[in-house]
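Understanding the architecture of this molecule
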Amino acid sequence: MFDEDGSLDPVLKFILWFILAVAIAKVAWQWLTEDVWHWLSVDVWGWVSEDVWGWLIGHPWWFSLIILGTLVVLCFVFFSDRTVYVDYSDAEDVEEEYATAPVTEAPSVLTFRMKQLTAMSADGFEQACADLLARDGFVRARRVGGSGDLGADVVAWDPDDRKIVVQCKQYTNPVASGAVQKFNGTAVPEHSADVAVIVALNGFTKPATDFAQRHNIVLIGRPELKRWAHGEHLYAVVDEQHSPA
């Protein structure tokens, strides 16, 4: 019924809206054709044709007074001077007040939905990880992935000047142990990583998780990626991942 990001399934959402629209249309049509039409054709028309018209015919001087008053009102509306005069004597003071007033903007936090991350290209997925690091306060967060990157897709430095090296895996299947072992062989020797992280869109196999725990490699699987992408700080996700149940 609900997708991973908590939104209603699009097909089910369309069906529910269609049913609601049909119900509202039926009620509105019944109300218009039965109640409103009867009120206009019987009640209002009877009142106009019998009471009002009969009263006007019986009191012609009242009828003339109404017409004359209407003409006076129309003449006043169309021929009166409706120009608005603005005093600009204090315009400079107003401009200065607005110029010195503080500008407030609504705070915005970068987030991604899981369906967005899934639809991205490999380069786009790496850039999204770099943007999330920058959002969390990491400095010089940039994508370095490409030919000959030796496993480093994104690098950044945290506020304590520790270098974080991230490998991004947008695989459709869980990442196997071999990929984690390969990254372990380059993260510290080649890139001088203080914190080595692998982000996998669809998680890791059990052997890959066991190997990462033995070699202090941080694994961000699908549940952790979802919390990170939805606004939680990366280190908070990592701490929660390693906290005792």
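In this report, the structure presented in the accompanying data block is examined.

Cut-offs applied
- Residues numbered from 1 in each chain as written.
- Predicted model: local features only at pLDDT ≥ 70, side-chain atom pairs only at ≥ 80, totals over all residues.
- Heavy atoms only, no water.
- Axes fitted to C-alpha atoms, helices over the stretch in contact; angles between N-to-C directions.
- Helix = DSSP H or I, 4+ residues; strand = E, 2+ residues; numbered from the N terminus.
- Parallel < 35°, antiparallel > 145°, perpendicular 65-115°, else oblique.
- Contact = heavy atoms within 4.5 Å.
- Nonpolar A, V, L, I, M, F, W, Y, C, P; charged D, E, K, R; others polar.
- Buried < 20%, exposed > 50% of the residue type's maximum accessible area, 1.4 Å probe, protein only.
- Pairing = 2+ DSSP bridges.
- Right-handed = clockwise from strand over helix to strand, strands pointing away.
- Phe/Tyr/Trp six-rings, centres within 6.5 Å; stacked < 30°, edge-to-face > 60°.
- Lys NZ or Arg CZ within 6 Å of the ring centre and 35° of its normal.
- Left-handed = near helix turned anticlockwise from the far one by under 90°.
- Core = buried A, V, L, I, M, F, W, Y, C linked by side-chain atoms within 4.5 Å.
- Arc of directions from axis to C-beta.

**Topic: the packing of helix α6 (residues 177-187) against helix α7 (residues 206-214)**
Contact pair α6 / α7: the axes reach a minimum separation of 7 Å and the direction vectors enclose 25°. The pairing of α6 with α7 is recorded here as roughly parallel in orientation. Here S177, V180, Q181 and N184 of α6 lie close against α7, whose contacting residues are P207, A208, F211 and A212. Among the residues forming the contact of α6 with α7, the class breakdown is five nonpolar, three polar and no charged.

**As for the pairing of strand β3 (residues 163-169)**
Burial analysis of β3 places seven of its seven residues in the buried class, which makes it a mostly covered element. Across four bridges, strand β2 (residues 154-157) lies against β3 in antiparallel orientation. The partner of W157 across the bridge, within β3, is K163. In this fold, β3 hands off to α6, which returns the chain to strand β4 (residues 195-200); that crossover is right-handed.

**Let's talk about the packing of aromatic side chains**
Summed over all chains, the structure comprises one aromatic pair. Pairing F138 with Y235 gives two aromatic rings, centres 5.3 Å apart and planes at 75°, and the pair type is edge-to-face. Of the two residues, F138 sits in the loop between α5 (122-135) and β1 (139-143) while Y235 sits in helix α9 (residues 234-242), which places them 97 residues apart along the sequence. On the basis of relative accessible area, F138 is assigned to the buried category, the value being 4%. Geometry around W157 places R140 over its ring, the cationic atom sitting 4.1 Å from the centre.

**Concerning the packing of α5 against helix α8 (residues 222-229)**
Remark: α5 packs on α8, axes separated minimally by 11 Å, with the N-to-C direction vectors making an angle of 55°. Between α5 and α8, the crossing angle belongs to the class labelled oblique. α5 and α8 meet at a crossing whose hand is left-handed. The segment α5 lies against α8, with F125, C129, L132, L133 and R135 engaging L225, W228 and A229. Taken together, the residues that form the contact of α5 with α8 break down as seven nonpolar, no polar and one charged.

**Overview of the nonpolar core**
L117, L133, I164, V199, I220, L225 and W228 are the most contacted members of the largest nonpolar core, which has 27 residues in total. When residues of this core are traced back to their parent elements, those giving at least two are α4 (114-119), α5, β2, β3, β4, β5 (218-220), α8 and α9. If one sorts the elements of this core by residue count, α5 sits on top with six residues. Aside from chain neighbours lying at most four places away, what touches W228 is C129, L132, L133, R135, D136, V199, H233, L234 and V237. The next biggest cluster of nonpolar side chains, apart from the first, holds 18 residues, and it includes V155, A187, A200 and A208.

**Notes on the environment of L219**
Position of L219 among the secondary structure elements: in strand β5. Measuring from C-alpha to C-alpha, the distance between L219 and T209 comes to 7.5 Å, with 10 residues separating the pair along the chain. Those residues in contact with L219 that sit more than four places away from it in its chain are I198, F204, A208, T209, A212 and Q241.

**Section: α8**
Residues of α8 that are buried include every one of E224, L225, W228 and A229, and no others. The arc enclosing the buried residues of α8, seen along the axis, measures out at 130°, which places them on a common side. G231 sits one or two positions beyond α8 and adopts a positive phi of about 125°.

**Quick notes on α7**
Turning to α7, its buried residues number three or more, namely A208, F211 and A212. Each buried residue of α7 lies within a common arc of 100° when the element is viewed along its axis, so the set occupies one face. Opposite its buried face, α7 presents the exposed residues K206, Q213 and R214, each directed more than 90 degrees away. Its buried side turned inward, α7 meets α6 and β5. A positive phi of about 55° marks N216, the residue just after α7.

As far as function goes, none of this settles anything; it's purely spatial.
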